[in-house]
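# Notes for the structure review
These are the residues of each chain, in order.
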Amino acid sequence: MSETPASVQQGRDGRLEIHGELSFSSVPALWNECRAQYTSGDAVDVDLGQIQRSDSAGLALLTEWLREAQRKGVSLRFFNIPAQMLDMARASGLDQILPLHSD
């Protein structure tokens, strides 16, 4: 079974939309692509609703995005986290740290 590459797109509502699968092979490229989205003082909303599958690398990516946002003084919010990722976040306690929101 082949993996659907992860990608980021600008959504109609101004949010960044993450599509595809977050895995150890796809996360590094996505990290580099999204780092440029943080400009000091901005607010960044990320919609995770189009993620098809994620392993722990996906949660590591969200954590790194949060650290980068905090370093740059950017307000970051994650929306529509898939159930699989939310279960992993709860099991690890990351649901208490990550700025998770639902519509």
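Residues numbered from 1 in each chain as written. Predicted model: local features only at pLDDT ≥ 70, side-chain atom pairs only at ≥ 80, totals over all residues. Heavy atoms only, no water.

## Quick look at the overall build of the protein
Our working rule: Numbering of helices and strands starts at the N terminus; helices are DSSP runs of H or I of at least 4 residues and strands are runs of E of at least 2. Three exposure classes are used, based on accessible area relative to the maximum for each residue type with a 1.4 Å probe and protein chains only: buried under 20%, partly exposed in between, and exposed over 50%. Note on definitions: a residue-residue contact is assigned when non-hydrogen atoms from the two residues lie within 4.5 Å. Each accessible area is a Shrake-Rupley result for a 1.4 Å probe, and residues are judged covered by the shown protein chains and nothing else. Residues counted as positive are Lys and Arg, residues counted as negative are Asp and Glu, and His and the chain ends are not counted. Here the site of a charge means NZ on Lys, CZ on Arg, CG on Asp, or CD on Glu.
When its secondary structure is counted, the protein shows three helices and five strands. Helices and strands appear in the protein in the N-to-C order β-β-α-β-α-β-α-β. In terms of overall dimensions, the protein has a C-alpha envelope of 40 × 25 × 25 Å along the principal axes. Per-residue burial over the protein gives 46% buried out of 103 residues. Residue pairs at least 24 apart in sequence account for 66% of intrachain contacts in the protein once pairs closer than 6 positions are excluded. A total accessible area of about 5700 Å² is found for the protein, and carbon and sulfur atoms account for 48% of it. Side-chain charges in the protein split into 9 positive and 14 negative, and the spacing between the mean points of these groups amounts to 4 Å.

## Some points on the side chain of Arg15
You can see Arg15 is positioned in the loop between strand E1 (7–10) and strand E2 (16–22). Contact partners of Arg15, with chain neighbours within four places excluded, come to Gln9, Gln10, Asp45, Asp47, Phe79, Asn80 and Asp103.

## A look at helix H1 (residues 27–35)
For clarity, the threshold we go by: In this context, the arc is that of the directions from the helix axis out to the C-beta atoms.
For H1, the set of buried residues is Val27, Leu30, Trp31 and Cys34. Around the axis of H1, the buried residues are gathered within 105° of arc, so they sit on the same side. In this structure, H1 carries Ala29 and Asn32 as exposed residues pointing more than 90 degrees from its buried face. In this structure, the buried residues of H1 make contact with E1, E2 and helix H2 (56–72).

## Some points on the confidence of the model for the protein
The following threshold applies: Each residue carries a pLDDT value, the predictor's own confidence for that position, ranging from 0 to 100.
Looking at the protein as a whole, the pLDDT averages 89, with 92% of positions reaching at least 70. By mean pLDDT, the top-scoring element of the protein is helix H3 (residues 83–92) (96), and the lowest-scoring one is H1 (84).

## A word on the pairing of E1
Moving residue by residue along a regular strand, the side chains alternate between the two faces of the sheet. The criterion, for reference: Strands are treated as partners if at least two bridges between them are detected by DSSP.
Taken together, the four bridges between E1 and E2 define a ladder with antiparallel strand orientation. By the bridge assignment for E2, Gln9 is matched with Glu17.

## Digging into the packing of aromatic side chains
Just so we agree on the cut-off: Pairing of aromatic side chains requires ring centres within 6.5 Å, counting the rings of Phe and Tyr and the six-membered ring of Trp. Pairs whose planes differ by under 30 degrees are stacked, by over 60 edge-to-face, and all others tilted. As a reminder, the over-ring test applies to NZ of lysine and CZ of arginine, requiring each to be within 6 Å of the ring centre and within 35 degrees of the ring normal.
Inspection of every chain in the model, using the stated rule, returns one aromatic pair. Ring centres 6.2 Å apart and planes at 25° place the aromatic pair Trp65 and Phe78 in the stacked group. With a gap of 13 residues between them, Trp65 in helix H2 and Phe78 in strand E4 (residues 75–79) connect regions that are remote in the sequence. Of the residues examined, Trp65 reaches a relative accessible area of 1% and is grouped as buried. By relative accessible area, Phe78 is classed as buried at 0%. In this structure, Arg15 packs its charged tip against the face of Phe79, placed 3.6 Å from the ring centre.

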